[in-house]
Amino acid sequence: MALLAAFLLVGTTGHDPWRGADLRHFFAVWQVLQGEWLLPSALIDGTVPAAGPLYYWVAALLGLLLEPLGLALHDATRFASPLLLLCTLLSLGAAALPWCGKPWQAGAMLVGLGTLGWVLDAHQHQALLASAAAIGLALAAVSRREAQPAKAWIAACIAMAAGFLAQGFALLLVLSIPWLATWPWPRIEAARRLSLLMATALIFALPAIWFVTVWRTAEGEAWFALQAPQLSQEFIASNLDDAWRDAAWVAWPLWLLALWPLRRAVNGDGSNLRLLAVAWAMIAMGLVVVTAWPPSNPSDLLILLPPLTLLATERLRRMPSGARAAFSWFSAATVLSLVVFAGLSWSAWNLDWPPGLARHMVRVAPEFEMSGSLWRLGAATAVLLTWFVLAVTTPPSPLRPAIHWALGVTLAWVVLVLLLEPWFEHTRNLRPIVEQMQGTLRERAPSCVSVPGREADVRAALVYFGGIPATLEDGCPVRFARLRGQQPLPSDGSVLWSMTRGQGKRLEYWLLLDNERARPTHD
């Protein structure tokens, strides 16, 4: 439990929403708290993918509960991510118990905890964590199909309803597989079937009511249009290529374990064919969702991790002792590589060594100064020594490789947070930039400022940090622009405010322009 708490809590609070997914998804949560609880407009204007509102509801509820306790609103809502990951891991443990037996329910949680794909997304706002939780619950339902058919069916129906509210129609393709696999009718007495039907109808009532209510609005029609897959050959080929490339690290080490060749298996043949088939079918259907639905980014692959975790756990259970020992050493080498990277990054800023990395970091953020360097280095060293002691003193057991991997990834994450969080806070936090813009914007654009659609996180920062009305539509007296490298200045507006970030190839110009396109024309 201490390991789980350390991984889920370290790095989750204490910083503003960072540029990118963290800020964009938080903006949708903020819209829910402003009254857009039915369907935040961020889900249809391109700020975030056209997912469902479930994650944003959970995050908003946590914000209402935890902000009065002294947490910043964005810190309170960000707890939705570790909470949903915890639900996913608990569901995977429940699924592994009848499949792999004791103590592998803990093994599945440890293997899942050590997956690199969770490391960043579990500590920022990320709506796909709700999708992963629904998939984990569906896998737990399939594993109980024989022992508790009625409860398994109810759990599968809850997973289907939650999946639809989490990601819309796309996730139903993945969840339909475990849902059909738990069909209980042949194993349920006739007297209980009516009550089971009523419970099923009640479960599906919430998403049905939400969909009908949303469908009657203009926003709902736009959301429904965005649910359609992109079936062009070029789009699918491009997304599939991105998926294979990103899966190498997002699903690490799950794919390595799931495909580990076994010349000699132990602990039986591991042939629960139904669960095996369901897991692989969900992965295949998940790839269909990843490749046919926009957008394409590494986080899309999070929906593949729950079934991959079960397959990796089963493979690890069947490994002979020599292969398990090899995986333990391999995990130690991987963790040390991450720690060395963090250490070199710290050294580049504080000691200008290695010189190549130091020059690169200066180009990205020439004005950055590391604060608290010595105590951070001392704390990171203590964490590294703790990892070494715990790894050496872990008693021999079948779970030892999983313990080593989860322990290493967790403590490596703690080291990365200790050494590199100031760097990310400086390069990814937009609050200081918004504060510099505020004077110009309040004077020249009290009504609104136009922001390009590709800069939706800047719009979110202007609204949340500065209280400045910002829109992704081009009709305001002032517009924002960000230019890279040698891009020419726009010719249709004078510069009202500017700043630069980075150096060399990383040089960026951040501009506020008088929006001549928004001026009324006179004959």
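Residues numbered from 1 in each chain as written. Predicted model: local features only at pLDDT ≥ 70, side-chain atom pairs only at ≥ 80, totals over all residues. Heavy atoms only, no water.

S.K.: Quick question: what am I supposed to make of the environment of Ala412 here?
M.R.: Along the polypeptide, Ala412 turns up in helix 20 (residues 400-428). Residues contacting Ala412, with those up to four places away along its chain left out, are Val335, Leu338 and Val339. (Helix = DSSP H or I, 4+ residues; strand = E, 2+ residues; numbered from the N terminus. Contact = heavy atoms within 4.5 Å.)

S.K.: Before we go on, may I ask you to explain the environment of Pro178 in this structure?
M.R.: On the secondary structure map, Pro178 appears in helix 10 (residues 169-181). On the basis of relative accessible area, Pro178 is assigned to the buried category, the value being 0%. Considering only alpha carbons, one finds Pro178 and Ala138, 40 residues apart in sequence, at a separation of 6.0 Å. Leaving out residues up to four positions away in the same chain, Pro178 has contacts with Ala138, Val142, Val278 and Met282. (Buried < 20%, exposed > 50% of the residue type's maximum accessible area, 1.4 Å probe, protein only.)

S.K.: Explanation requested: helix 1 (residues 2-9) in the structure shown.
M.R.: Count 3.6 residues to each turn of an α-helix, and residues three or four apart come out pointing the same way. What helix 1 keeps buried is the set Leu4, Phe7 and Leu8. Here the buried residues of helix 1 occupy an arc of 90° about the axis, which is enough to place them on one side. Buried residues along helix 1 sit against helix 5 (80-100), helix 6 (104-113), helix 7 (116-121) and helix 20. Gly11 lies just past helix 1 and shows a positive phi near 90°. (Arc of directions from axis to C-beta.)

S.K.: Sorry, what's going on with a nonpolar patch on the surface here?
M.R.: A cluster of nonpolar side chains, contributed by Phe169, Trp215 and Phe224, occupies part of the molecular surface with about 280 Å² of accessible area. Counting through the fold element by element, Phe224 comes out in helix 12 (residues 218-226). For Phe224, a relative accessible area of 36% puts it in the partly exposed group. (Patch = residues over 30% accessible without salt bridge, like charges linked within 9 Å, V, L, I, M, F, W, Y side chains within 5 Å. Areas by Shrake-Rupley, 256 points an atom, 1.4 Å probe, with all protein chains shown as cover. Salt bridge = Lys/Arg side-chain N within 4 Å of Asp/Glu carboxyl O.)

S.K.: Is there a simple way to think about the pairing of strand 3 (residues 478-484) in this case?
M.R.: Two faces belong to every sheet, and in a regular strand the side chains alternate between them. Taking burial as the measure, the 7 residues of strand 3 include 6 buried ones, the bulk of the element. With 2 bridges connecting them, strand 1 (residues 449-450) and strand 3 associate as parallel partners. Its bridge partner lying in strand 3, Val449 is registered against Val478. Note: strand 3 against strand 5 (residues 508-514), 7 bridges, orientation antiparallel. Residue pairing across strands places Arg484 opposite Glu508, the latter belonging to strand 5. (Pairing = 2+ DSSP bridges.)

S.K.: What am I meant to see in the pattern of salt bridges here?
M.R.: Per the stated rule, a full pass over the model turns up 12 salt bridges. Close ionic contact of Glu314 with Arg317 constitutes a salt bridge, the shortest N to O distance being 3.0 Å. With Glu314 and Arg317 both in helix 16 (residues 305-318), this residue pair falls 3 residues apart, about one helical turn. The burial state of Glu314 is the same as that of Arg317; both residues are buried. Shared partners join several salt bridges into a network, and the residues in it are Asp22, Asp75 and Arg78.

S.K.: Sorry, what's going on with the environment of Leu83 here?
M.R.: As for its placement among the helices and strands, Leu83 is situated in helix 5. We classify Leu83 as partly exposed; its relative accessible area is 36%. Spatially, the C-alpha atoms of Leu83 and Leu129 are 9.2 Å apart, while their sequence positions differ by 46 residues. Setting aside anything within four residues of it in sequence, one finds Leu83 in contact with Val58 and Leu62.

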